[in-house]
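Observations on the model geometry
Letter by letter, the chains look like this.
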Amino acid sequence: AQSVAQPEDQVNVAEGNPLTVKCTYSVSGNPYLFWYVQYPNRGLQFLLKYITGDNLVKGSYGFEAEFNKSQTSFHLKKPSALVSDSALYFCAVLPWATGRRALTFGSGTRLQVQP
Amino acid sequence: GAGVSQSPSNKVTEKGKDVELRCDPISGHTALYWYRQSLGQGLEFLIYFQGNSAPDKSGLPSDRFSAERTGGSVSTLTIQRTQQEDSAVYLCASSLGIGSQETQYFGPGTRLLVL
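Helix and strand counts for chain A stand at zero helices and twelve strands. Counting from the amino terminus, chain A carries its helices and strands in the arrangement β-β-β-β-β-β-β-β-β-β-β-β. Its C-alpha atoms give chain A a radius of gyration of 14 Å, near enough to 13 Å, the size a compact globule of 115 residues would have. Taking the principal axes of its C-alpha atoms as reference, chain A extends roughly 45 × 30 × 20 Å. Considering chain A as a whole, with its 115 residues, one finds that 47% of them fall into the buried category. Long-range contacts, defined here as pairs at least 24 residues apart, represent 56% of the contacts in chain A between residues at least 6 apart. Here chain A has roughly 5,400 Å² of accessible surface; of this, 48% comes from carbon and sulfur atoms. For chain A, the distance from the average site of its 10 positive side-chain charges to the average site of its 7 negative ones is 10 Å.

Shown next, in the form of structure tokens:
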């Protein structure tokens, strides 16, 4: 069975500093990996995804993520955090080799950017 | 263009009553998904529809839960004889339906509270 781990419940960073939100996964075969962000009382908003190719994926709002197959990780990064980046971030995996279309999500990491 | 819409945005019901939650997917999207977000269980898959194929119901937690999709567009999630543990945010997502690597786009969710 597939699983996603987000080891940090919360990440605190000062505005202007780089941020990293960690994600590791376990899945049979090559995974499709996604990051979503959730603002208060809102649905999930797509940030970026890794399907194949370049291990560094660029997404919305200046976010990027690095796929590392040997470490089974897909950490979300941003060079300079903004206060408006404060939200709940979810990593997800889609085990496409199984034929299933359901995303398996991590538990979420709350990002708090201090001014 | 318009995103995924869900109604109602909030629903309060009494234990034992039935509820219906509605999802309007993005126009042209043939795949539709229901997920549930709760404090205890995180984000979990419920059911997936793709065109005229039989839905993947593997995530439905009990036979009190059912969903249908009429005309390949609008979907209704029905919970019969609601229980307090059904309290959660119910999220709907849609995607083009042409391949597993595609992005799922989420609606704002319906927040259900069972008293």
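So, next bit.
Right, let's talk about the pairing of strand 6 (residues 44-50) of chain A for a bit. Residue and element names in this part refer to chain A. The element strand 6 is extensively covered by neighbouring structure, given that five of its seven residues are classed as buried. In the sheet, strand 5 (residues 32-38) pairs with strand 6 via six bridges, with the strands oriented antiparallel. Note that in strand 6 the partner of Leu33 across the bridge is Tyr50. Count of turn residues in the strand 5/strand 6 antiparallel hairpin: five residues, of which Asn41 carries a positive phi of about 60°.

Moving on, we come to the environment of Ala88(B). All names here are of chain B. Residue placement: Ala88 occurs in strand 8 (residues 88-95). Sequence separation between Ala88 and Ile26 is 62 residues, and the spatial gap between their C-alpha atoms is 23 Å. The contacts of Ala88, once residues within four sequence positions are left out, are Arg36, Gln37, Ser38, Thr110, Arg111 and Leu112.

A few words on the interface of chain B and chain A. How large an interface is tends to be reported as the accessible area lost when its parts come together. Counting from both sides, the interface comprises 19 residues of chain B and, opposite them, 19 residues of chain A. With both sides pooled, the region where chain B packs onto chain A buries about 1,600 Å², and carbon together with sulfur makes up 54% of that total. Run the count over chain B and chain A and you get one salt bridge. The shortest N-O distance in the salt bridge between Arg100(A) and Asp56(B) comes to 3.8 Å. For the interface between chain B and chain A, the tally reads six residue pairs in polar contact (both at pLDDT 80 or more). Elements supplying a minimum of two residues to the side of chain B that touches chain A: strand 4 (31-38) and strand 5 (42-50) of chain B.

Residues and elements named next belong to chain A. Applying the stated criterion across every chain yields a total of eight salt bridges over all chains. For Glu66, the salt bridge identified is with Lys77, shortest N-O distance 3.6 Å. In this pair, Glu66 is assigned in strand 8 (residues 64-68) and Lys77 in strand 9 (residues 73-78), connecting sequence segments eleven residues apart. For Glu66, a relative accessible area of 39% gives the class partly exposed.

What counts, and where the lines are drawn
Residues numbered from 1 in each chain as written. Chains lettered and ligands numbered in written order. Predicted model: local features only at pLDDT ≥ 70, side-chain atom pairs only at ≥ 80, totals over all residues. Heavy atoms only, no water. Helix = DSSP H or I, 4+ residues; strand = E, 2+ residues; numbered from the N terminus. Rg over C-alpha atoms; globule rule 2.2 N^0.38 Å. Buried < 20%, exposed > 50% of the residue type's maximum accessible area, 1.4 Å probe, protein only. Contact = heavy atoms within 4.5 Å. Areas by Shrake-Rupley, 256 points an atom, 1.4 Å probe, with all protein chains shown as cover. Lys, Arg positive; Asp, Glu negative; His and termini not counted. Charge placed at Lys NZ, Arg CZ, Asp CG, Glu CD. Pairing = 2+ DSSP bridges. Buried area = accessible area lost by both parts, 1.4 Å probe. Salt bridge = Lys/Arg side-chain N within 4 Å of Asp/Glu carboxyl O. Polar contact = N/O pair within 3.5 Å; in protein donor to acceptor, adjacent residues only side chain to side chain.

In short, shape yes, function no, at least from these values alone.
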